[in-house]
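# Examining the three-dimensional arrangement
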Amino acid sequence: MTNIITQATAAQAATATINATAASPSIKLDSAKAKISISTGAKATKQSAKVEVTPVLDYSPKLSVERAAQDGENLATHDRSHYVTEFKRGVEKTARATLEMCRVVYEASRVLDSYHFQHFCKEIGYHDNSSTIRKFIAIGKVYPRFIDYADQLPSGWTAIYQITQIPADHFEHMLKNGKRLDELKGKRLQALLGKTRQLDDMTAPLKFDSEAGGFAFGKLVAMRKFDDVDWRAIEKAMSELEARLPVKFVVPKELTQIVEERRLRRYQSAKKHYTHQEFKPDTWDMGEEANAVLPRTEPEVVAEA
């Protein structure tokens, strides 16, 4: 009896395996050309309609710390005035801390010799001849005058430094008439800074970029979102201008990393899904001068189904 049940079970399993095999979808991946073939019928015939599916590149980023964090729960409820007060208190604390920090740098610049001051700057993460240290010293110098008005100062040290560069008489006039220092913004602040700016050196208002080895004086703006093809054209144009003019284009590191990652993903996808001209160097556009020396083969035009 046991043998009969075992044989019946084995026969049923074999039948189920055959049925499962016959019912499986006809999707195959060619290892050479890696094209996905989809047939419309359960049985392959010469009349079966086939559609080539182009794989979609995945440019989705990894999950950041901020997006992975959960929103706070069980927060204490307060009215709007409470949050305004706490925010302003935090700004004042930051301004006071900035003044005290810059005062330390100022005193170190006055007391230490050049050797020890250079190493002092190195130990706190700066170069002794950097613009940041120069601005810290300027803020630290006016510490006795500014500390009593810390509640009127912005939180950022860059904005505090700008206030140190306005005309001294205008600064005293504001304090005498009870005007707040944090009201100096925008065009009004820039107009006051222009009155104390030196005119003998055109590069004086420009920031020296030690990594690029020059003065940054312009901004390159993309008027719309660009893709990989647009970026390749932009790279060619920038290289051409750099070859003809004493300028250098500095692209943000974050952008170059994105470009390289997208290129790597396209390359990896091209190896798996070979299409047309990616690996045919004789069809690549090397530029007008290079193409004139070694004419390239025109890429084949593939009609879309």
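Rules behind the numbers
Residues numbered from 1 in each chain as written. Predicted model: local features only at pLDDT ≥ 70, side-chain atom pairs only at ≥ 80, totals over all residues. Heavy atoms only, no water. Core = buried A, V, L, I, M, F, W, Y, C linked by side-chain atoms within 4.5 Å. Buried < 20%, exposed > 50% of the residue type's maximum accessible area, 1.4 Å probe, protein only. Helix = DSSP H or I, 4+ residues; strand = E, 2+ residues; numbered from the N terminus. Contact = heavy atoms within 4.5 Å. Salt bridge = Lys/Arg side-chain N within 4 Å of Asp/Glu carboxyl O.

### Focus: the nonpolar core
Most often, soluble globular proteins have nonpolar side chains that are buried together. If you look at the biggest cluster of nonpolar residues, it comprises 28 residues, and the most contacted ones within it are Leu99, Phe146, Leu153, Ile160, Ile166 and Leu181. Elements supplying a minimum of two residues to this core: α3 (80-111), α4 (114-123), α5 (131-141), α7 (157-164), α8 (168-176) and α9 (186-195). Tallying contributions element by element places α3 first for this core, with 5 residues. Excluding residues within four positions of it along the chain, Ile160 makes contact with Ala95, Thr98, Leu99, Ile139, Phe146, Leu153 and Pro154.

### Concerning the side chain of Thr98
Locating Thr98 in the fold gives a position in helix α3. For Thr98, the contacting residues outside a window of four places in its chain are Ser155, Trp157 and Ile160.

### Side note on the pattern of salt bridges
Across all of its chains, the model carries 13 salt bridges by this definition. Across the pair Glu172 and Arg145 runs a salt bridge whose closest N-O atoms are separated by 2.7 Å. Of this pair, Glu172 sits in helix α8 while Arg145 sits in helix α6 (residues 143-146), and the two are 27 residues apart along the sequence. On the basis of relative accessibility, which here comes to 34%, the residue Arg145 falls in the partly exposed class.

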